Structure formats: structure tokens, C-alpha cells
Amino acid sequence: MMSFETIVVAGASRGIGLAVAEHLVDRSDRLLAVARTPAPIGEWIQADLSQLAGVETVATAIGSDRLDALLYMGGTWETHAFTSQYRFEDCTDEDIDRVIAVNLLAPIRLVKALLPALRRSHNPKIIFMGALSVRDNFSGREVANSASKFGLRGVVHSLREELRSQQIGVTVINPGNVGTPEVLADLAADNLSGGEAIPLTDMLKIIDCILSLSRATCIKEIDVPAMLGEGA
């Protein structure tokens, strides 16, 4: 079984991030669960990563530790996104700024701040959670979310070139709906578009696969639609 010295899971208070933290905590000497609201697993680092101060808080918490993996599982979207109530013209400037800051600026700043710690690892990995809705065969309407997630893909591909000589793995996973308790409840209430959800256990297996590979292998991007969902 894989074991890690230090892992950072951003967005660990709920959803995919919480599930990832729960999955990896027993295999980590130290798991930093980064979130604005309390995270019940690991060592909660209270930080708003959309602000530079939040990024600095995480870097300070790691200190001189060796960082084996940075998993940016956090994300946000506009009010009423992925529902029939979404209207671009109704989005506030604050809504748009928040989505871009959390989904795009924060991961860029966090990687930059944590690179020294990642370089101390024997097999460093960076994993970003993208979105299937930004792929060409998915009809997403959410403007700020799509812009941020398209941008995140660009960040990942550029970082890979920048860090390839150091053999720091950088991967983006683009899922459709993932079967977290929140998503399953929204689907049951017909409050969410995109079709069926992939099992949360399958997402965790994909992350395990990426983390288990050697530094000699590069996993660029993984698209993960549900078999009966949109985008398959």
C-alpha cells in the first residue's frame, strides 16, 4: 500500500475533497485538509485560497516538510450553475470574480508557493480537479466556470512542460457528475443537469492510480464521464 509523508488536499471540508482526504488520511504521516470551513479529517488548515494570505498560510503550515502530493479538489461555480435557472446575464460581478479566483488563480498561486516542498519528495504529484463540462463534446453554459476550468487545463499543460525536467507529475481529471452525497441528493431532486453520476469509489481509484505511478510516467489528462451521463 502507498504511504506518504505529507499530503495537501485543498477543498477538504466537503464533496470530492472530503472523500479524498478520508481515503488517504491513514496512508499519510500528515494530511493537511485545507478549507475555509472545518474539515473533519486530517489536520485542518483554515485558509481561503482565493486570497494570497490563504496560500501563505498553507505554505507556512508545511514548513520544511516533504510534500508528496498536492491535490486541488476545491472548486466553485456561479449561482444556479448546472440548473435550468442559470442565466449568464443574472450573474453578478462578485460571482464571476469568485469563480475565477477559486478555480484558476488559487491553484496557480498554491503550486508556486509549494514547489520547494514538492521538490523534496521522492515522487511528487500534483492533481487538479477539472470538469467534463469544458470538453468539446459537452454543452456547458456556465461562462465563468467554463472559463476558469478551460484556463486550469492550460495551467496544467504549461506546468507540465515547466516541471517535466524535474519529473514532477501534473495531472488534471475532468469528471462529469461525481456521486458525492451532495450531488446524489441534487440529482434525486432533479436540481442538477448532466445525467448520472460516476461512483465516488471510481474517482478514488483513479487518484490512487495516478499517485502510485513512478516519476518515469506522465498522466496528462483524464476525462471521466458516467457511462449513461452527458459527454460519454
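As shown above, the structure is provided for reference.
A few points on the structure. This is a predicted model, so every value here is computed, not measured. (Residues numbered from 1 in each chain as written. Predicted model: local features only at pLDDT ≥ 70, side-chain atom pairs only at ≥ 80, totals over all residues. Heavy atoms only, no water.)

Points about the overall build of the protein
In plain terms, the rule: The way it works is that DSSP assigns letters per residue, a run of H or I at least four long becomes a helix, a run of E at least two long becomes a strand, and they are numbered from the N terminus. What the globule rule says is 2.2 Å times the number of residues to the power 0.38, and the radius of gyration is computed from C-alpha atoms. Exposed residues in this analysis have more than 50% of their type's maximum accessible area, buried residues have under 20%, and partly exposed residues fall in between, with area computed by a 1.4 Å probe over protein chains only. We call two residues in contact when some of their heavy atoms are within 4.5 Å. For accessible areas, the Shrake-Rupley method is used with a probe of radius 1.4 Å. Any residue's cover is judged against the shown protein chains and nothing else.
A tally of regular secondary structure across the protein gives six helices and seven strands. Mapped in sequence order, the helices and strands of the protein form the string β-α-β-β-α-β-α-β-α-β-α-α-β. Against the globule reference of 17 Å for 232 residues, the protein gives a C-alpha radius of gyration of 17 Å, in line with a compact fold. Taken along the three principal axes of its C-alpha coordinates, the protein extends 45 × 35 × 35 Å. Buried residues in the protein amount to 51% of all 232 residues. For the protein, contacts bridging at least 24 residues in sequence account for 68% of all contacts bridging at least 6. Total accessible area computed for the protein in this model is approximately 11,000 Å², and 53% of it derives from carbon and sulfur atoms.

Points about the nonpolar core
Test applied: Only buried Ala, Val, Leu, Ile, Met, Phe, Trp, Tyr and Cys residues count toward a nonpolar core, and they belong to the same one when joined by side-chain atoms within 4.5 Å.
Grouped together as the largest cluster of nonpolar side chains are 33 residues, with contacts concentrated most on Leu49, Val58, Leu110, Ile126 and Phe128. For this core, the secondary structure elements donating two or more residues are β1 (4-10), β2 (28-35), α2 (52-62), β4 (69-72), α3 (93-119), β5 (125-129), α4 (143-163) and β6 (169-175). Per element, the largest residue contribution to this core is nine residues, and it comes from α3. With residues near it in sequence (within four places) discarded, Leu110 still touches Ala10, Leu49, Val55, Val58, Leu70 and Tyr72.

Concerning unusual backbone geometry
With a phi angle near 55°, Gln167 is a residue other than glycine that sits in the positive phi range. Inspection of the secondary structure puts Gln167 in the loop between α4 and β6. Gln167 sits in the partly exposed class, given a relative accessible area of 39%.

Quick word on the pairing of β4
What counts is decided by this rule: A pair of strands counts as paired when DSSP detects no fewer than two bridges linking them.
Here β4 shows a buried face lined by Ala69 and Leu71 and a second buried face lined by Leu70 and Tyr72. Strand direction decides the pairing type here: β4 and β5, joined by four bridges, are parallel. Across the sheet, Leu70 pairs through a bridge with Ile126, a residue of β5.

Structural notes on the packing of α3 against α4
To be explicit about the condition: To get an axis, fit a line to the C-alpha atoms, keeping to the stretch in contact for a helix; angles then go from 0 to 180 degrees between the N-to-C directions. Any angle that falls under 35 degrees is termed roughly parallel, while one over 145 is termed roughly antiparallel, one within 65 to 115 roughly perpendicular, and all others oblique. Crossing handedness is read from the near helix: turned anticlockwise from the far helix by less than a right angle, it gives a left-handed crossing, and turned clockwise, a right-handed one. Basically, the charged four are Asp, Glu, Lys and Arg, the nonpolar ten are Ala, Val, Leu, Ile, Met, Phe, Trp, Tyr, Cys and Pro, and anything else, Gly included, counts as polar.
Contact pair α3 / α4: the axes reach a minimum separation of 8 Å and the direction vectors enclose 15°. In this view, α3 runs roughly parallel relative to α4, as classed from their interaxial angle. Crossing hand, α3 versus α4: right-handed. In this structure, α3 uses Ile96, Val99, Ile100, Asn103, Leu104, Pro107, Ile108, Val111 and Leu115 to contact α4, whose residues at the interface are Ala144, Asn145, Ala147, Ser148, Lys149, Gly151, Leu152, Val155, Leu159 and Leu163. Of the residues belonging to the contact of α3 with α4, the class tally is 14 nonpolar, four polar and one charged.

Remarks on the side chain of Lys149
Looking at the secondary structure, you find Lys149 in helix α4. Assessed through its relative accessible area of 7%, Lys149 is described here as buried. Lys149 has contacts with Gly74, Asn103, Met129, Gly130, Ala131 and Val134, leaving out every residue within four places of it along the chain.

A few points about the sheet that holds β1
Reading across from one edge, β3-β2-β1-β4-β5-β6-β7 is the order of the seven strands in this open sheet, with parallel pairing throughout. Edge positions in the open sheet fall to β3 (43-46) and β7 (221-224), since each of these has one partner strand only. For this sheet the average axis-to-axis angle between neighbouring strands, irrespective of direction, equals 15°. Here five bridges tie β5 to β6, and the two strands are oriented parallel to one another. When the bridges of β6 are listed, Ile127 appears paired with Thr171.

Things to note about the packing of aromatic side chains
Heads up, the condition is: Paired rings are identified among Phe, Tyr and Trp, the last through its six-membered ring, by centres lying within 6.5 Å, and are further divided according to the angle between planes into stacked (under 30 degrees), edge-to-face (over 60) and tilted (the rest).
Enumeration according to the criterion identifies one aromatic pair in this entry. Summarising the aromatic geometry, the rings of Tyr72 and Phe128 are spaced 6.4 Å apart at their centres and angled 40° between planes, so their arrangement reads as tilted. With a gap of 56 residues between them, Tyr72 in strand β4 and Phe128 in strand β5 connect regions that are remote in the sequence. Grouping residues by exposure puts Tyr72 and Phe128 together as buried.

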